[in-house]
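The lines below spell out each chain.
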Amino acid sequence: PSFSTSCARCSKNRRLRQKRVISERKLTRYFVDHRKVRVVGGQGGGGGHSFYSEPRKIFGGPDGGNGGDGGHVILKADRQMKSLSSVLPFYQGFHGEKGGSKNCYGANGAYMYVKVPVGTLVKEDGKVVADLARHGEEYVAAYGGAGGKGNRFFLSNENRAPTLFTPGEPGQERVLHLELKTTAHAGLVGFPNAGKSSLLRAISRAKPAVAAYPFTTLNPHVGIVHYQDYEQVAVADIPGLIKGAHQNRGLGIAFLRHIERCRFLLYVLDLSVSQPWIQLQDLKYELEQYKEGLSQRPCVVIGNKIDLAQSRINLPLLKEQIDDRVIALSALTGDNLEELLLHLRELYDTYVKTEQSRGQSPVKW
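Criteria and cut-off values
Residues numbered from 1 in each chain as written. Predicted model: local features only at pLDDT ≥ 70, side-chain atom pairs only at ≥ 80, totals over all residues. Heavy atoms only, no water. Helix = DSSP H or I, 4+ residues; strand = E, 2+ residues; numbered from the N terminus. Buried < 20%, exposed > 50% of the residue type's maximum accessible area, 1.4 Å probe, protein only. Areas by Shrake-Rupley, 256 points an atom, 1.4 Å probe, with all protein chains shown as cover. Core = buried A, V, L, I, M, F, W, Y, C linked by side-chain atoms within 4.5 Å. Contact = heavy atoms within 4.5 Å. Pairing = 2+ DSSP bridges. Axes fitted to C-alpha atoms, helices over the stretch in contact; angles between N-to-C directions. Salt bridge = Lys/Arg side-chain N within 4 Å of Asp/Glu carboxyl O.

S.K.: Before we go on, may I ask you to explain the overall build of the chain in this structure?
M.R.: Regarding its fold elements, the chain presents seven helices and 14 strands. Per-residue burial over the chain gives 45% buried out of 365 residues. Of the roughly 19,700 Å² of accessible surface on the chain, a fraction of 52% belongs to carbon and sulfur atoms.

Right under this line is the structure:
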């Protein structure tokens, strides 16, 4: 019995390990940053048609109540949502109830809330109609139809026994395009295999896939850096760019838009390659070609893989070639991560002060 119990426990642990180890290719199935949604508001309830009648009061007059309004379909930003994968292609609002006798109004249809990630753009016919950039923000995607009028509504001195009543109006119908732009304070920007995912794992609890062989991350990850005063800085690992990304080469503009939301940028360079400063020039060029001014945001240059001998030779050459601050570190061994975390906090504090001076509230995690 003890042997069989031990075997069952081992097989259970093996199954749990298999569930935890999900490849990056499989993870992409759960990350969706585009969605086409058809939304229809709830139908308004029809008006009631009845006449009041009781013993010795046969002609009591009309008493049909109005129908209830149809429910709206509302998009609501929720920070717990990380992808548009759970958003369905069609939503129908709840219908209003029909008006009843004795002047009873029908109940309004309940609102239907659709949770979307923070940073979701709502577009209609190519135009942006809503930008849900903060937790809790709402946008009415489709209004419910108005309830119909009961025959009591049409009572007048000229018409003491109206038989007219109206049906409820149909709800608004729209086709919307949802587009997710990852909202984070800092964005890790670099070419494939520069070590962005390893760096994010080193400074936060995020677990993007890493391996001992070259490959590129296929979807953005957001890690939270915690400080002792309980401030939290969100850092996004943007999938690796390549030359010509602004022309939709490689992953292309599919993920360039995720950089737009970042308040400051962390350029991650591989110090072990020859002339690493050319990487920085190419990265800034791609960002500028995609959106003018994007490469001018506050930034710091991270020279990764300082644990390699060639990297230590290239570091002084890199500092001579560029004017930006350079922080040399190793995401693999953890060397000099403290300097990055301190400077990351300085960039965050500067961002907070700038937003407050403008009278705006900074994005908090």
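S.K.: Mind showing me how you'd approach the nonpolar core here?
M.R.: Ranked by internal contacts, the top residues of the largest apolar core, which has 27 residues, are I259, L265, Y267, L287, L318 and I322. Breaking this core down by element, the ones donating at least two residues are β11 (232-237), β12 (264-270), α5 (277-290), β13 (299-304), α6 (309-321) and β14 (326-328). Aside from chain neighbours lying at most four places away, what touches Y267 is V189, L280, L283, K284, L287, S295, C299, V300, V301 and I302. Core analysis: the second largest hydrophobic core is formed by 26 residues, V225, F264, V268 and L344 among them.

S.K.: Is there a simple way to think about the sheet that holds strand β8 (residues 173-180) in this case?
M.R.: Across a sheet, strands are paired by hydrogen bonds formed along the backbone, either parallel or antiparallel in direction. The strand order across the open sheet built from five strands is β3-β1-β8-β5-β6, with neighbouring strands paired in mixed fashion. In this open sheet, the two edge strands, each paired with only one partner strand, are β3 (90-92) and β6 (127-132). Going from strand to strand, the sheet's axes swing by 30° on average, the running direction of each strand aside.

S.K.: Got a minute to help me understand the pattern of salt bridges in this structure?
M.R.: Charged atoms that come close allow side chains of opposite charge to pair. Taken as a whole and assessed by the stated rule, the structure comprises twelve salt bridges. D324 serves as the salt-bridge partner of K284, at 2.8 Å between the closest nitrogen and oxygen. A residue pair is termed long-range when its members are at least 10 positions apart, and K284 in helix α5 and D324 in the loop between α6 and β14 qualify at 40 residues. Since its relative accessible area comes to 23%, K284 is described here as partly exposed.

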